[in-house]
Structure formats: C-alpha cells, structure tokens
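A structural walkthrough
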Amino acid sequence: MVSAAHTVLGEVAADRLGVVDAHDHLFIRSPRLPGQEMDDVADAAARLAAFGSLGGATVVQWTPYGMGRRIAELPALSRESGVHIIAATGLHQAAHYTDALLASVRDRLAELFISELTDGIGETGVRAGLIKVAGGFHGLDEHAVLTLRGAAEAHRRTGAPIAVHLELGTGALDVLDLVCGELGVAPRSVILGHLNRSPDFAVHRLAAEAGANLAFDGPSRANHATDWRMPDALRALADAGFADRLLLGGDTVTPDTPGMPHLLRRVAPRLELDLGKALLEQILITNPARVYAW
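All of the points below concern the structure found in this document. (Residues numbered from 1 in each chain as written. Predicted model: local features only at pLDDT ≥ 70, side-chain atom pairs only at ≥ 80, totals over all residues. Heavy atoms only, no water.)

1. Section: the packing of helix 1 (residues 41–53) against helix 9 (residues 259–275)
When two helices pack together, their arrangement is given by the angle between the helix axes and by the axis-to-axis distance. One can describe the packing of helix 1 onto helix 9 by two numbers: an axis separation of 8 Å at closest approach and a directional angle of 15 degrees. The orientation of helix 1 relative to helix 9 falls into the category roughly parallel. Considering how the two elements wind past one another, helix 1 and helix 9 form a crossing that is left-handed. In this structure, helix 1 contributes R47, L48, A50 and F51 to the contact, and helix 9 contributes M260, P261 and L264. For the contact of helix 1 with helix 9, the class distribution of residues is six nonpolar, no polar and one charged. (Axes fitted to C-alpha atoms, helices over the stretch in contact; angles between N-to-C directions. Helix = DSSP H or I, 4+ residues; strand = E, 2+ residues; numbered from the N terminus. Parallel < 35°, antiparallel > 145°, perpendicular 65-115°, else oblique. Left-handed = near helix turned anticlockwise from the far one by under 90°. Contact = heavy atoms within 4.5 Å. Nonpolar A, V, L, I, M, F, W, Y, C, P; charged D, E, K, R; others polar.)

2. Points about helix 6 (residues 172–182)
When helix 6 is considered as a whole, its buried residues turn out to be A172, V175, L176, L178, V179 and C180. Check the buried side of helix 6 and you find it contacts helix 5 (142–158), strand 8 (162–165), strand 9 (190–193) and helix 7 (201–210). Taken from the residues just after helix 6, G184 is the one with a positive phi, measuring 80 degrees. (Buried < 20%, exposed > 50% of the residue type's maximum accessible area, 1.4 Å probe, protein only.)

3. Some remarks on helix 10 (residues 277–292)
Compared with an ideal rise of 1.5 Å per residue, which puts 16 residues at 22 Å, helix 10 spans 22 Å between its outermost C-alpha atoms and is within 8% of the ideal. The largest bend in helix 10 comes to about 40 degrees, at I283. Among the residues of helix 10, those classed as buried are L279, L280, I283, L284, N287, P288, A289, V291 and Y292. (Expected span 1.5 Å × (residues − 1). Bend = angle between axes of the 7 residues up to and from the residue.)

Next comes the structure, spelled out in structure tokens:
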C-alpha cells in the first residue's frame, strides 16, 4: 500500500507533495476577526500563484468546519495554480462559532469528521485530508476536551492526522496527555501548531520526546517571538535528534498577513543560513510528506 495525501483533487503519493506549507489558510471567517475575513477567490489565487512561483507545491489549509472554508472553490484553485491543496475537517475553539452551530454538531463530532474525511464535505465530493481542532490557553476547557475526543475517534476510524491549534503556543503537553495518553492516538499522528509563539525550549523538547510533530507556523508575528527565536528553537530540536518532527507553515489568517509567499521568499532563506539546506529540505519536503500521507 502506497501512502498518499488526500488533496482536494484526490489522492497524491507522498513523494509528490514537494515543498509543503504545512499550515495555512486560503479562506477563513470568524466572529473573532470582524472585517478581516479572507473570502476573496482572486486573492487566494494570487497567493497560491506566488507560492508556486517560489517553488511551493502543496498548501495544507487548516480551516475547519463552519469557518468559511469555501471548499467548492478549492479544486479549481488547485488546478489553475498547479499547487496541491489539502483541506481540513474539525472544529476550532468555541469562541469562533455561534451557540446554535455548536449545538447542532456537539453530539455528532466524530461522525461529522469521519463523513468529511471519507465521503466528502457537503455536496462538493471533496474529501478532507486532516482533522483540525484546538486546545485552550495553558490547558483544556470543556469544549477542547469534547472536540479532541471527537478527533481521536475519527482518527481511530480513518487514520487521518490530527492538527491542533495551541492558543499562543501553550498547552501542548495537556493535549498530548489527553489525545495520546488517555485516548491512545499515536503521537506520530498529532501535529502541534504554533509552538513558536511560546518559545519554551523545554516544552518543545518534551513534546518531541513524546513523539509528536511540531509545527512552527506563524512567521511575521514579531510580537509573538515567532521570527527571531524560531531558528534557535529548530536548531535545538534538530541537535537533540528530532529533525524528523519539524514542520513549517505560513498561517495566513488576515488579508494583511504575509503568509505563504513570505514563508518561501523570506523565512526559508533565513533558515537555510541558520540550519543548512539539507535540514531545511527535510522540514519542508520530507517531514510533511510523512505526516500528511495516510
């Protein structure tokens, strides 16, 4: 059996994903971002084209259920740009949704995630390729526990990877205690996002030792210590023997976020100077091919 990523145009063999932006958004809409929605198809096409022109080959959109994924637009955008797109199912923090929407899905999360991974999202026929959920700030609230349990059940029944938004990079070990410790998900199937926003190298090391994948996904947010501390964090993990756990992403969440082109135009050359070409290629090509193919 050949492992393959589930893209919006169908399965793609792991070794054909190329350079991967492991966490980004083409479309996203949230009540927490009033007036900053990303909902413009032409803008999404331009960002994909710029990413492709810089050598990018795959974008993983972490936008989950109910947050303006615009799934029906993704196949055409992928065809026109030549860039693979992997879409997500899952559920974000409660603050991103109305009470009515949460009430409509709360008792059927695993079934919803499984359906979108296996049958397709809505009437589009497009299958999700990962499950995106979220922790809380320095811990797990009731909503986070509920969604993480749904994600774990969906993973057990499909094999899809679980990507976790860590609020300001915190709560990584709490997530692993629940998802991997109590619920039995293999750590290699878990992606911890935004670790660069909390540059606690000891926590990074503990999460890597547990076997999880670590995403450094949010360059250009200097107020979160994302850029100037990231090379040191990556080097420390690589030197400790965890180079195979590292991922990079642009995490474009507002129209003015530099995002996916910035990842390859500015961040990658900087990291190549600090880490070397071989390690950078492992982080951008080899690691995401393993993580996102299932």
